[in-house]
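# Report on the structure
These are the residues of each chain, in order.
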Amino acid sequence: MKSLSRSVAKAEPSQTLALSALARKLHAEGVDVVTLTAGEPDFPTPFHIKEAAKKAIEDNFTTYTHNAGIPELRQAIAEKFNRDNGLHFDSSQILVSNGAKHSLYNTLKAICNKGDEVIIPSPYWVSYPQMVALVDAKPVFVQTAEEDGFKMTAAQLRQAITKKTKALLFCTPANPTGAVYSQEEIEELARVVEETDIYVIADEIYEKVIYNGAKHFSMGSIEAVKDHVVTVNGVSKAYSMTGWRIGFLGAGKDIVSAAEKVQSQVTSNASSISQHAALAALTGPEDELKAMAAEFRRRRDFIYPAVTSIKGITCHHPCGAFYVFPNVSSYFGATHAGKVMKSGDDIAQFLLDEEKVVVVPGSGFGSRDHVRISYACSMSELERAAERLERGFRKLQ
Ligand SMILES: Cc1ncc(COP(=O)(O)O)c(C=O)c1O
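### As for the overall build of the protein chain
In terms of regular secondary structure, the protein chain is built from 13 helices and 14 strands. A compact globule built from 397 residues would reach a C-alpha radius of gyration of about 21 Å, and the protein chain, at 21 Å, matches this within 12%. Structurally, the protein chain occupies a C-alpha span of about 60 × 55 × 55 Å along its principal axes. Within the protein chain, contacts between residues at least 6 apart in sequence are counted, and of these 74% link residues at least 24 apart. Accessible surface computed for the protein chain: about 17200 Å², of which carbon and sulfur atoms make up 52%. Charged side chains of the protein chain number 44 positive and 47 negative; the gap between the two group centres comes to 5 Å.

### Remarks on the pairing of strand β2 (residues 94-97)
Burial along β2 is two-sided: the face carrying I94 and V96 and the face carrying L95 and S97 are both buried. The sheet contact formed by β2 and strand β8 (residues 247-250) spans four bridges and is antiparallel. Note that in β8 the partner of S97 across the bridge is G247.

### Examining the packing of helix α5 (residues 100-111) against helix α6 (residues 127-134)
At a closest axis distance of 9 Å, the pairing of α5 and α6 adopts a crossing angle of 35°. As for how α5 packs across α6, the hand of that crossing is right-handed. In this structure, α5 uses K101, L104, Y105 and L108 to contact α6, whose residues at the interface are S127, Y128, M131, V132 and L134. When its residues are assigned to classes, the contact of α5 with α6 shows seven nonpolar, one polar and one charged.

### A word on the sheet that holds strand β3 (residues 117-122)
Here we have seven strands laid out as an open sheet, ordered β2-β8-β7-β6-β5-β3-β4, and mixed in their pairing. Each of the sheet's edge strands pairs with one partner strand only, and the pair in question is β2 and β4 (138-143). For this sheet, the mean angle separating the axes of adjacent strands, direction not counted, is 20°.

### Notes on the site of the ligand
Contacts to the ligand come from 13 residues, most closely from A100, D203, S236, K237 and R245. In the model, an oxygen atom of the ligand is placed 3.0 Å from a nitrogen or oxygen of the K101 main chain. In the model, an oxygen atom of the ligand is placed 3.5 Å from a nitrogen or oxygen of the W125 side chain. Protein contact buries 93% of the 400 Å² of open area that the ligand shows by itself. Here the shell around the ligand is built from residues that sort into six nonpolar, three polar and four charged.

### Digging into the pattern of salt bridges
Opposite charge on two side chains permits pairing when their charged atoms draw close. According to the stated counting rule, one finds 26 salt bridges in the structure shown. For D32, the salt bridge goes to R388, with nearest N and O atoms at 2.7 Å. Placement of D32 in the loop between α2 (15-28) and β1 (34-35) and of R388 in helix α13 (residues 379-395) is noted, with a sequence separation of 356 residues between them. Overall, the relative accessible area of 44% leaves D32 in the partly exposed class. Among the ionic contacts, a cluster of salt bridges with common partners joins K80, R83, D84, E207, K208 and E286.

### Description of the sheet that holds strand β9 (residues 323-324)
Across the sheet, three strands lie side by side as β9-β14-β13; this open sheet has antiparallel pairing. Edge positions in the sheet fall to β9 and β13 (360-361), since each of these pairs with one other strand and no more. With two bridges joining them, β13 and strand β14 (residues 371-374) adopt antiparallel strand pairing. Bridging from a neighbouring strand, V360 pairs with R372 of β14.

### Describing the environment of R368
Tracing the sequence through the fold places R368 in the loop between β13 and β14. Between the C-alpha atom of R368 and that of K50, which follows or precedes it by 318 residues, the distance is 41 Å. Those residues within four positions of R368 in sequence are excluded, and the remaining contacts are F332, K342, S343 and G344.

### Examining helix α4 (residues 71-85)
Here α4 is 15 residues long and its end C-alpha atoms lie 20 Å apart, about the 21 Å a rise of 1.5 Å per residue gives. Every buried residue of α4 is accounted for by L73, R74, A76, I77, A78, K80, F81 and N85. Contact partners of the buried residues in α4: β2, β7 (229-234), β8, α9 (253-266) and α10 (272-283). Directly beyond the C-terminal end of α4, a positive phi value near 65° is found at G86.

The rules behind these values
- Residues numbered from 1 in each chain as written.
- Predicted model: local features only at pLDDT ≥ 70, side-chain atom pairs only at ≥ 80, totals over all residues.
- Heavy atoms only, no water.
- Helix = DSSP H or I, 4+ residues; strand = E, 2+ residues; numbered from the N terminus.
- Rg over C-alpha atoms; globule rule 2.2 N^0.38 Å.
- Contact = heavy atoms within 4.5 Å.
- Areas by Shrake-Rupley, 256 points an atom, 1.4 Å probe, with all protein chains shown as cover.
- Lys, Arg positive; Asp, Glu negative; His and termini not counted.
- Charge placed at Lys NZ, Arg CZ, Asp CG, Glu CD.
- Buried < 20%, exposed > 50% of the residue type's maximum accessible area, 1.4 Å probe, protein only.
- Pairing = 2+ DSSP bridges.
- Axes fitted to C-alpha atoms, helices over the stretch in contact; angles between N-to-C directions.
- Left-handed = near helix turned anticlockwise from the far one by under 90°.
- Nonpolar A, V, L, I, M, F, W, Y, C, P; charged D, E, K, R; others polar.
- Near = heavy atom within 4 Å.
- Polar contact = N/O pair within 3.5 Å; in protein donor to acceptor, adjacent residues only side chain to side chain.
- Salt bridge = Lys/Arg side-chain N within 4 Å of Asp/Glu carboxyl O.
- Expected span 1.5 Å × (residues − 1).

Following this line, the structure appears as structure tokens:
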């Protein structure tokens, strides 16, 4: 048999999806498991959005659409970018895809050549390095520090840029750290982008899940770099629509038409029904969205002190997204049932074996010292989690 693709062989399947599947399996087997892996809101999609989808079906809106998305949705996205982010695109500069993940991949495919370098601040979302490798480019990691709130500085960015650098993958609010860059911090990074003429792929999927008075700022709204920035967003996290698979990007015309070409040959348009649902989301009332963000904040305000009150655990205070990312390295060297803890992977396995709590090891996000806890689950689940985490770590002391 001939060998299979080397770049695919090297890629790893998503660890978070695998752990969520394991948690579902344990639950189905009747194990009393507490799952803290969810990368998605646990609320139903708002009623008016579901109604719009039902209407699209009833109206037989079931054929292929324009590859880049239905005109009304592209227009609504252009207006959203203008209204919320100060980004001025016309609708021909918008590409609707099958989730923000797809928008990110289409962008990377559109701009990268073999051997190009793509800078990724670490810790990072699991899929970034894998996607970069899948387009034969090279991920270059910039290690951010917990003391700096896991934010890359302009000096760090400058230092990482070489002749081969094609782009920076930039996420704020960030998964898994919950870091939110301020306008000033983004302006400093943008000055480096302008001087060095690289692209920025700005992943703003957690834009609406933000607290502490932190304000989301889009790098693409800075005039001097607007043509360098591809802004990626979607409806998954903001409107609790992960399963509908609608993401989008706004960018300069050349990038959009290259990404559109990739999409046209690989998937064609995103689901016609989901596009109508996304249109209702982006043009409808935002009160449920605000209620969801408030509920996430309430949960964070419960789980963050619960986790940081455990002896030896330090944790950056997240200002956005729905994760805490505690540093568990003070437990390395502790032994349980003859096994020495050496990494976040060992700690995650221990918590699963001993307390039936599923967290995601930090290694998939670029850190062996951390684990990721999602608080996209009910308050009662978080209460059970807090109890088990406290008991589990006590066993390691
Ligand atoms: C940082 C980040 N970007 C993009 C995505 C993908 O979003 P979508 O579900 O719209 O593909 C996720 C999903 O977990 C994410 O965490």
